[in-house]
Structures are given as structure tokens and as C-alpha cells.
Amino acid sequence: MLRSLMPSCFVSHGGPPPLSPSPPAKVHHVWPGRNVFFLDGRVICGPDPRGLILSAMALLLSEWIFLTDVVDPSAPHRILISASSMILSATVSAYNHSLIATASLLLAATSDPGIIPRNPLSPSEEEGTGAVRRAPTQFVVVNGVEMRLKFCRTCKIHRPPRSSHCTVCDNCVDKFDHHCPLISQCIGLRNYRFYLLLLCSALTFYTFMFTFSVRRIRTRMKITNAGFFSLVRTLPEPLLLAAFSFMAICVIVCLLAFHIFLLAKNTTSHEMDRGRYHSSPNPYDKGALGNIRECLFEELPPPRVDFRAAATETSLGWVSGELSHSFSWRRQG
């Protein structure tokens, strides 16, 4: 039980054989990507936690300054204001792996974003010789639009449409949008809606912080008739919190507006950056309402990789013909 709670990077599979037979290795023990797994493969995190730690520190520090220096002890609704800020903090901090566990929001940073299985045997390698030849080109037809499947030399597969290889996590991700350094996780098909929920909750939290910080400053200026520069010495924490909250609001508003635009067009930031649909129509565009319903309300597909399964070629590798049931496809030599 204690072994299953340890991160996979701390579990050693070498050394002398144990006295008792050890359980067989699981997929998350031998997965070639850079992800870190917890709770026996149930929780998937990115390889670099620095952005995650900084985000958590900024959030907790903002909440601490708000409770100690912004909330007026003589305010009639002081308890209600403090409780509201803590609830908002808990909602946002669940994305940042704080100790406050909100299961529905924790999924954004700890769930499988849509990792695609790898192919242990590449079609571009001839067995026995090690010679490399060009992989055959494959195309799929999606809603009448022909799309070329790119071959990933790392995962040794023809990637499905809308997927891309993340160089940070070293995985191919379905409907890859970007790798978010703030939560140290890829944003893809299976956690994009939770990422949008993160932006909305963070915007609400910092708007709450900014509103009451400005109110606290104005009240102090009205009572003491002090100028703005004199408040730098008497109220440095509320001023700092107001400035930080204002900058956070500006960044989050721009980011949220951009993703709302992408959501209405049913495209991703990676596709827009590559100009994927400049020369051809977007076959996934169902109209603004249809795109919103598909992204936010349709049932999420199951994960492609079972990281808790026993490590075999079948569990690690790409299932041949997996695309054939969803798309019409052909191969060109």
C-alpha cells in the first residue's frame, strides 16, 4: 500500500531480487514519457513542478494578505467576506495541487489530457537490419475534408488528426492545445474544459481580491485624508495585492477571451499557430453553439492508455486499425 502511494519516479525496479515475488510492473512504471505518477497511476502530473509551486504560492500569499490586511475587522460582514474569499481560494487552488482537495477541479492538472499510446514496433524499421525507410503516408477523410496523418518518430505512430507531440511531457496528446506551465500539464481533449473552468474561477478570485483591496484603500484615504504616496508606508500590503490582482485580471481576461474565440471556432491554439485551416475548411466546426456543446457538455472519451494495467506490448503499444472505426483512411506508399 505504501509503495503504491509513492511517485513512480521514486520506485526502483533494479537491484537484487526480493525474497518474496514482487508484483508485475505496470504501465506507469515503464512509461517512456516524462510524466510523474502518483497513487499507483491514478494521478498524472507534469515533469516540472516549478510553475505549479509558484502558482500555489501566489494564490496562498494573496489569500493570506487579504485575510490579514484587507478585511476590515470592524466591517459588519467581515466573516461572510472572509469565508467567500476562502471558498474562492479553495476553488482555484485545487488546480494548483494545494492541500484543499476539490475533486472536480483537481482533474485539470492531474488527469490524463489525452495521451496517445506508442507503437513499440515502428513501420519505418526493418527487423534484423535496423535500416530505416520512409514511413508510408496516410490520409483520413473527416467530414469530406482529407487530412494527412503526420508520423511521430518518437512515439512511432501516425498521429490522429488534431494531435501533436508535447516536447515537455514527451507524449503525443489528442486534440493538443498547449502545455500550460502554470499547472505543469498538457491541455488536451480530456482536460480542456477543466482548464476553462480554472480560468473562470481564477478570474473570479482575483476580481474579488482587487475589489475589496481598492475598497480598503479608499476607506483609509477617506478617514485619514492621506494622499496616495503616504499609503505606501501605511498600507503596503493592500496596495501590493491590488496591483498584483489587477495584472492577473488583465492577463486572465485576455487568455479567457482568446480561448472563448477558439471554443466558438472549434479549433486549438496549436492549430491556429500552425495555420492548419487557412487553405481548407475546418471539418470540426459545427457552429458556435454546437462547438460549445461538444466541448463543455458532451461525455469525455475514456483514456487511451490504462496506466494501471500490467506492462505488456498490448498495453503500451498502438492498437492497429484504431482509427478505422471513426474515419475513412487510405495509405500512400
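Only a predicted model underlies this, so the values are computations on that prediction, with no experimental measurement involved. (Residues numbered from 1 in each chain as written. Predicted model: local features only at pLDDT ≥ 70, side-chain atom pairs only at ≥ 80, totals over all residues. Heavy atoms only, no water.)

Some words on the environment of S184
Then, number 1: Among the structural elements, S184 can be located in the loop between β9 (178-180) and β10 (185-187).
Then, number 2: In the structure, S184 is positioned 149 residues away from N35 in sequence and 9.8 Å away in space, judged by C-alpha atoms. (Helix = DSSP H or I, 4+ residues; strand = E, 2+ residues; numbered from the N terminus.)

Topic: the UniProt feature "transmembrane region" (unreviewed entry) in the protein chain
Then, number 1: Mapped onto this numbering, the UniProt entry annotates "transmembrane region" (unreviewed entry) at residues 194-214 and 239-264.
Then, number 2: Counting secondary structure, residues 239-264 comes out at 100% helix and 0% strand; the distance between its end C-alpha atoms is 37 Å. (UniProt positions renumbered as here; feature names shortened; annotations may be inferred.)

Quick look at the side chain of S164
Then, number 1: Along the polypeptide, S164 turns up in strand β7 (residues 164-166).
Then, number 2: According to the relative accessible area criterion, S164 is buried, its value standing at 7%.
Then, number 3: Only 3.3 Å separates the side chain of S164 from the side chain of H270, close enough to count as a polar contact.
Then, number 4: Non-local contacts of S164, meaning those with residues more than four positions away in its chain, are made with R159, N171, C172, V173, F176 and H270. (Buried < 20%, exposed > 50% of the residue type's maximum accessible area, 1.4 Å probe, protein only. Polar contact = N/O pair within 3.5 Å; in protein donor to acceptor, adjacent residues only side chain to side chain. Contact = heavy atoms within 4.5 Å.)

Topic: the nonpolar core
Then, number 1: Formed by 26 residues in total, the largest nonpolar core has its most connected members in I183, I187, Y192, Y195 and Y206.
Then, number 2: Elements with a minimum of two residues in this core: α3 (50-70), α6 (192-224) and α8 (236-265).
Then, number 3: With 12 residues, α6 is the single largest residue contributor to this core.
Then, number 4: Discounting chain neighbours no more than four positions away, the residues touching Y195 are A108, H178, C180, I187, L255 and H259.
Then, number 5: In this structure, V27, W31, I44 and I115 belong to the second largest nonpolar core, which totals 8 residues. (Core = buried A, V, L, I, M, F, W, Y, C linked by side-chain atoms within 4.5 Å.)

Here's the deal with the pairing of strand β3 (residues 137-142)
Then, number 1: Counting buried residues along β3, 5 of its 6 residues qualify, which places the element largely inside the surrounding structure.
Then, number 2: Relative to strand β4 (residues 145-149), β3 is paired through 5 bridges, and the arrangement is antiparallel. Each bridged residue has a counterpart across the sheet, and for Q138 the counterpart in β4 is L149.
Then, number 3: Connecting the antiparallel pair β3 and β4 is a turn made up of 2 residues, with N143 showing a positive phi of about 50 degrees. (Pairing = 2+ DSSP bridges.)

Quick word on the environment of P302
Then, number 1: Turning to its location among the elements, P302 is positioned in the loop between α10 (288-296) and α11 (313-316).
Then, number 2: Of the residues examined, P302 reaches a relative accessible area of 63% and is grouped as exposed.
Then, number 3: With 188 residues separating them in the primary sequence, P302 and G114 have C-alpha atoms 8.8 Å apart.

Points about the pattern of salt bridges
Then, number 1: Per the counting criterion, the structure on display carries 6 salt bridges.
Then, number 2: Across the pair R162 and E271 runs a salt bridge whose closest N-O atoms are separated by 2.9 Å. With R162 in the loop between β6 (157-158) and β7 and E271 in helix α9 (residues 269-274), this pair connects stretches of sequence that are 109 residues apart. Note on accessibility: R162 and E271 belong to one class, buried. (Salt bridge = Lys/Arg side-chain N within 4 Å of Asp/Glu carboxyl O.)

Quick look at the packing of aromatic side chains
Then, number 1: A full pass over the atoms with the stated rule returns 6 aromatic pairs.
Then, number 2: Seen in terms of ring centroids, F205 and Y206 are 5.0 Å apart; in terms of plane orientation they differ by 75 degrees. Their pairing is edge-to-face. For the pair F205 and Y206, a shared accessibility class is recorded, and that class is buried.
Then, number 3: Taken together, a centroid distance of 5.8 Å and an interplanar angle of 40 degrees make the contact between F210 and F246 tilted. Here the residue F210 occupies a position in helix α6, and F246 occupies one in helix α8, the gap between them amounting to 36 residues. (Phe/Tyr/Trp six-rings, centres within 6.5 Å; stacked < 30°, edge-to-face > 60°.)

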